[in-house]
Amino acid sequence: MMVTAQEVAALRKKTGAGMMDCKKALIEAGGNLEQAIDLLRKKGQKICADRASHHASEGTVFACASLDHRESFLLVLNCETDFVAKNELFVQLGKTILEVAVAHKPGTVAALHALPLGDGTVQEAIVSFAGTTGEKITLSTYVTLAGAVTVPYIHTGNRLAVLVALQGAQGEAVIAAGRDVAMQIAAMHPLAVDKDQVDPAVVEREAAVIQAQLMDEGYDGVKAEKITQGRLHKFFQENTLLQQPFVKNGKLTVAQYLTIIAPSLTVTAFKRIGIGE
């Protein structure tokens, strides 16, 4: 059976599948568009099943803020190769899923999978695209962050993204400062906003390591405790965002930089998601 270029283009527009895959599906479906779509979905399902054990370690991060910057959204779409991660249709799929997330604000990855997209759901769109690429495609991560002002940042290479929430001021200068802070988080990988937000178990492990080192060095008693507290202070300076030296001006801490923008400006929370980390 012959199919027209217009029919192939119409199927490709609906599914994102390759030209030859669309042509073969239309021929097999006798020119019926809906049956061709079903055939492509089944192909995607088979590929997903066959490649379930494969490791989708590549991918792209996607992030954006709501129009009022009170909420930011971040997701990770994974694939098996860097070649697919840079594919225009793969990137467009990720952007479209992000738009769905912003519009519906699901609470979980599973809820996002179930949302409508095109003629099916987000999950069905992912399965269909897997049929196009022949690779395992997964939506592995979806997170949001709310606050007085939130700012998203995608690091060079599209493999690392940060969401940061601030309070104490509003306006474009605050959004710009939030981007600077998000870049700091991407580069310096702090554990928490401040020492009060560091997991107590992490602090206990760090103190135990320090004390073991001091015992090896011959310290004990009051002097050892004093040195432990000093080294913990340095640990907090290096690993908590507000106390870190600001990467754009090492003479300031991040906290000091923010108060220059606005006296009460500070960070309340952040999320940092990287592929392969």
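Refer to the structure presented above.
Described in the following lines is the structure provided in the data block. Since we're looking at a predicted model, the values are computed, not measured. (Residues numbered from 1 in each chain as written. Predicted model: local features only at pLDDT ≥ 70, side-chain atom pairs only at ≥ 80, totals over all residues. Heavy atoms only, no water.)

## Points about the overall build of the protein chain
Threshold: Each helix corresponds to a stretch of at least 4 residues labelled H or I by DSSP, and each strand to a stretch of at least 2 residues labelled E; elements are numbered beginning at the N terminus. As a reference, a globule follows 2.2 Å times the number of residues to the power 0.38, and the radius of gyration itself is taken over C-alpha atoms. It only takes one pair of heavy atoms within 4.5 Å for two residues to be counted as in contact. Exposure was quantified through the Shrake-Rupley algorithm and a 1.4 Å probe, taking into account, for residues, occlusion by the shown protein chains and nothing else.
Counting its regular elements, the protein chain contains eleven helices and ten strands. Taken against the 2.2 N^0.38 rule, which gives 19 Å for 277 residues, the C-alpha radius of gyration of the protein chain at 24 Å runs more than 25% over that of a compact globule. Across its three principal axes, the protein chain shows a C-alpha extent of roughly 90 × 45 × 30 Å. When contacts within the protein chain are restricted to residue pairs at least 6 apart in sequence, those whose partners lie at least 24 apart make up 63%. Summed over its atoms, the accessible surface of the protein chain is roughly 14,600 Å², and 54% of this surface lies on carbon and sulfur atoms.

## A closer look at the sheet that holds strand β2 (residues 71–79)
This is how it is decided: Between any two strands, pairing holds if DSSP finds at least two bridges. With axes taken as lines fitted to C-alpha atoms, and helix axes fitted only over the stretch in contact, angles between N-to-C directions fall between 0 and 180 degrees.
Taken together, three strands build an open sheet; the order of strands is β1-β2-β5 and the sheet is antiparallel. The sheet terminates laterally at β1 (58–65) and β5 (138–146), the two strands that pair on one side only. Along the sheet, successive strands turn relative to each other by an average axial angle of 15°, direction set aside. Bridge analysis of β2 against β5 gives eight bridges, and the strand direction is antiparallel. Its bridge partner being in β5, Leu-75 is matched across the sheet by Tyr-142. Contacts from helix α5 (residues 88–104) reach β1, β2 and β5, with the element oriented near 145° to β2.

## Some remarks on the pairing of strand β7 (residues 160–167)
What counts here: Accessible area is worked out with a 1.4 Å probe on protein chains only. A residue is then buried under 20% of its type maximum, exposed over 50%, and partly exposed in between.
In terms of burial, β7 is a largely internal element, seven of the eight residues being buried. Where strand β6 (residues 149–154) folds back on β7, the antiparallel hairpin that results is connected by five residues, among which Gly-157 adopts a positive phi of roughly 100°. Of the strand pairs in this sheet, β7 and strand β10 (residues 266–274) are connected by eight bridges, and their pairing is antiparallel. Looking at the pairing, Leu-163 lines up with Lys-271 of β10.

## Quick word on unusual backbone geometry
One non-glycine residue, Asn-158, lies in positive phi territory at about 60°. Along the chain, Asn-158 turns up in the loop between β6 and β7.

## Some points on the sheet that holds β7
Pairing between the strands of a sheet is mediated by backbone hydrogen bonds and can be parallel or antiparallel. In space, the three strands of this open sheet follow the order β6-β7-β10, with antiparallel pairing throughout. With one partner strand each, in any of the chains shown, β6 and β10 form the two edges of the open sheet. Sheet twist, expressed as the average angle between the axes of neighbouring strands with direction ignored, equals 15°.

## Section: the side chain of Ser-66
Stated precisely, the cut-off is as follows: Any pair of N or O atoms that falls within 3.5 Å is considered a polar contact. Within protein, one atom must be able to donate a hydrogen and the other to accept it, and sequence-neighbouring residues count only if both atoms are side-chain atoms.
One can find Ser-66 in the loop between β1 and β2. A polar contact of 3.3 Å, which involves the side chain of Ser-66, links it to the backbone nitrogen of Arg-70. Discounting residues that sit within four places of it in the chain, Ser-66 has contacts with Glu-71 and Phe-73.

## Some details on the packing of aromatic side chains
In plain terms, the rule: Whether two aromatic rings pair depends on their centres lying within 6.5 Å, for rings of Phe, Tyr and Trp, where Trp uses its six-membered ring; planes under 30 degrees apart make the pair stacked, over 60 edge-to-face, and the rest tilted.
Summed over the entire model, instances satisfying the criterion amount to three aromatic pairs. Judged by centre distance (4.1 Å) and plane angle (15°), the rings of Phe-246 and Tyr-257 are stacked. Of this pair, Phe-246 sits in strand β8 (residues 245–246) while Tyr-257 sits in helix α11 (residues 254–261), and the two are eleven residues apart along the sequence. A single burial state applies to Phe-246 and to Tyr-257, both of which are buried.

## Considering helix α7 (residues 122–133)
The condition that has to hold: The span you would expect from a helix comes to 1.5 Å times its residue count less one.
Spanning twelve residues, α7 covers 17 Å between terminal C-alpha atoms, matching the ideal 16 Å at 1.5 Å per step. Those residues of α7 that sit buried are Val-122, Ala-125, Ile-126, Val-127, Ser-128, Phe-129, Ala-130 and Gly-131.

## Some thoughts on the packing of helix α9 (residues 200–216) against helix α10 (residues 221–239)
In plain terms, the rule: Here the angle decides the label: under 35 degrees means roughly parallel, over 145 means roughly antiparallel, 65 to 115 means roughly perpendicular, and every other value means oblique. A crossing counts as left-handed when the near helix is turned anticlockwise from the far one by less than a right angle, and as right-handed when that turn is clockwise. Residue type decides the class: Asp, Glu, Lys and Arg count as charged, Ala, Val, Leu, Ile, Met, Phe, Trp, Tyr, Cys and Pro as nonpolar, and the leftover types, Gly among them, as polar.
Two numbers describe how α9 lies on α10: the axes approach to 10 Å, and their chain directions differ by 130°. In terms of their interaxial angle, α9 and α10 are classed as oblique. Here α9 runs over α10; the crossing is right-handed. For the pair α9 and α10, the contacting residues are Val-202, Val-203, Glu-206, Ala-207, Ile-210, Gln-211, Gln-213 and Leu-214 in the first and Ala-224, Glu-225, Ile-227, Thr-228, Arg-231, Leu-232, Phe-235 and Phe-236 in the second. In terms of residue class, the contact of α9 with α10 is built from ten nonpolar, three polar and three charged.

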